[in-house]
Amino acid sequence: MASRFLRELTIRQLRALAAVHRDRSVTAAAKQLHLTQPAVTLQIRNLQALAGLPLIQRTPDGMLLTDAGREVLALSERIEAAIADCETTLEMMAGKTAGRISIGAVSTAKYFVPFMISGFSKLHPNIDVTLSIGNRQEIGTALHGYDLDFVIMGRPPADIDMDVHLIGDHPHVIIAPTAHRLARKPRFAPSELAGETFLTREPGSGTRGLMEQLFETSGIRPKIGLVMSSNETIKQAVIAGLGIAFISAHTVATELDERRLVTLDVVGLPIVRQWFALSRKDKVLLPPARAMLEFLSARGAQFLPRTHGRIRLTRTTARGKRR
């Protein structure tokens, strides 16, 4: 009975029972529901058949619920409350004042995406935002599903039709320890890096792919040292003197300010790509997600780490003083 009850139960049946309980009359209930009396009677009869028990009884005081009827009425009240809550939530979502947004971001973006979310949340405090972080391959795989509303990354996947929203520039640099032999050398050719050991991200990382393009274009084949899946580990390894690294400038802003790292003044660098917010063309976005995409398109760039003035912090000035 239980499976059939769940499968065939309808809102019309529950509302017919609630109306009969409220008005103690099938005739009055039919009037309130804008139905005929036989229609209400049929709904009650079908509901009783599903329950397998009598739900109402005739008394001198009118139609009253049995114990089984009161149990079904309690269910009706819970369902009506859930429907009302859902209606309120939908209205809030339509007005962009509440709802949920699910975002994915490549790991390099974790240095600024939380600040973007914070800025958006100050304008829309009742919208819940969840964030998933992964490398380029992982985020690309997630995009093949529909769980994420949009992702923040660089080059869009080639195998998915995407709506593309520009956020801002994404510079890439080569970092080294401050005592490195090339740390203060101005504008030298990439060929001088041929003997260096590079610490690099794992295959599949967008940064790794861009680094390999740089090597190919420059015609150099430097030694690849440690391979790491974390920008944080790469930075610490460079500071420790284990090698140099091609990396997003947005990941090293703090270390450059603190003079724990320096960017090398290589001809052709920084290589500037862009950050995008990407959503599947066939993904239905509700108003909260569309509101955040509009926010990122209009104001996202202001949350990117400042790179101007950090590209060569140890370059010598005309007076011989370091900046």
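Figured I'd write up the structure that's included with this text. Keep in mind the model is a prediction, meaning the values are calculated, not measured.

The rules behind these values
- Residues numbered from 1 in each chain as written.
- Predicted model: local features only at pLDDT ≥ 70, side-chain atom pairs only at ≥ 80, totals over all residues.
- Heavy atoms only, no water.
- Helix = DSSP H or I, 4+ residues; strand = E, 2+ residues; numbered from the N terminus.
- Rg over C-alpha atoms; globule rule 2.2 N^0.38 Å.
- Buried < 20%, exposed > 50% of the residue type's maximum accessible area, 1.4 Å probe, protein only.
- Areas by Shrake-Rupley, 256 points an atom, 1.4 Å probe, with all protein chains shown as cover.
- Lys, Arg positive; Asp, Glu negative; His and termini not counted.
- Charge placed at Lys NZ, Arg CZ, Asp CG, Glu CD.
- 1 Å grid on protein atoms, 1.4 Å probe; cavity = no way out; pocket = protein on both sides within 12 Å on 5 of 7 lines; lining within 4 Å.
- Points joined across faces, edges and corners; volume = space filled by probe spheres on them.
- Expected span 1.5 Å × (residues − 1).
- Phe/Tyr/Trp six-rings, centres within 6.5 Å; stacked < 30°, edge-to-face > 60°.
- Salt bridge = Lys/Arg side-chain N within 4 Å of Asp/Glu carboxyl O.

1. With respect to the overall build of the chain
For the chain, the helix and strand inventory stands at eleven helices and eleven strands. Taking 20 Å as the expected radius of gyration for a compact globule of 323 residues, we find that the chain reaches 32 Å, considerably beyond that expectation. With respect to the principal axes defined by its C-alpha atoms, the chain has extents near 105 × 35 × 30 Å. Counting all 323 residues of the chain, 45% fall into the buried class. Of the roughly 17000 Å² of accessible surface on the chain, a fraction of 53% belongs to carbon and sulfur atoms. Distance between charge centres in the chain, computed from 42 positive and 30 negative side chains, equals 8 Å.

2. Re the layout of surface pockets
In this structure, the largest pocket encloses a volume near 380 Å³. Lining the largest pocket are 21 residues, with Arg136, Gly154, Arg155, Gly206 and Thr207 sitting closest to its centre. Put simply, the parts of the chain that give the lining of the largest pocket at least two residues each are strand E6 (162-176), helix H8 (206-218) and strand E11 (271-280). At five residues, the largest contribution of residues to the lining of the largest pocket is made by H8.

3. Details of helix H2 (residues 11-23)
Compared with the 18 Å implied by 1.5 Å per residue over 13 residues, the 18 Å span of H2 between its first and last C-alpha is a close match. If you check which residues of H2 are buried, you get Gln13, Leu14, Ala16, Leu17, Ala18, Ala19 and Val20. Looking one or two residues beyond H2, the residue adopting positive phi is Arg24, at roughly 55 degrees.

4. Quick look at the packing of aromatic side chains
Under the criterion given, the structure shown has four aromatic pairs. Between the aromatic rings of Phe112 and Trp275, the centroid separation amounts to 5.0 Å while the plane-to-plane angle is 65 degrees, which identifies the pairing as edge-to-face. Pair noted here: Phe112 is in the loop between strand E3 (99-106) and helix H6 (113-123) and Trp275 is in strand E11, with a separation of 163 residues, a long-range link. One exposure class covers both Phe112 and Trp275, and it is buried. Feature note: the residues Phe120, Phe295 and Phe303 constitute an aromatic cluster, connected by ring pairs.

5. Describing the pattern of salt bridges
Tallied over the entire structure, the rule returns 15 salt bridges. Notably, a salt bridge pairs Arg260 with Glu255, separated by 3.7 Å at the nearest N-O pair. In this structure Arg260 comes out as partly exposed when scored by relative accessible area, which is 32%. Among the charged side chains, a network of salt bridges with common partners joins Glu232, Lys235, Glu255, Glu258 and Arg260.

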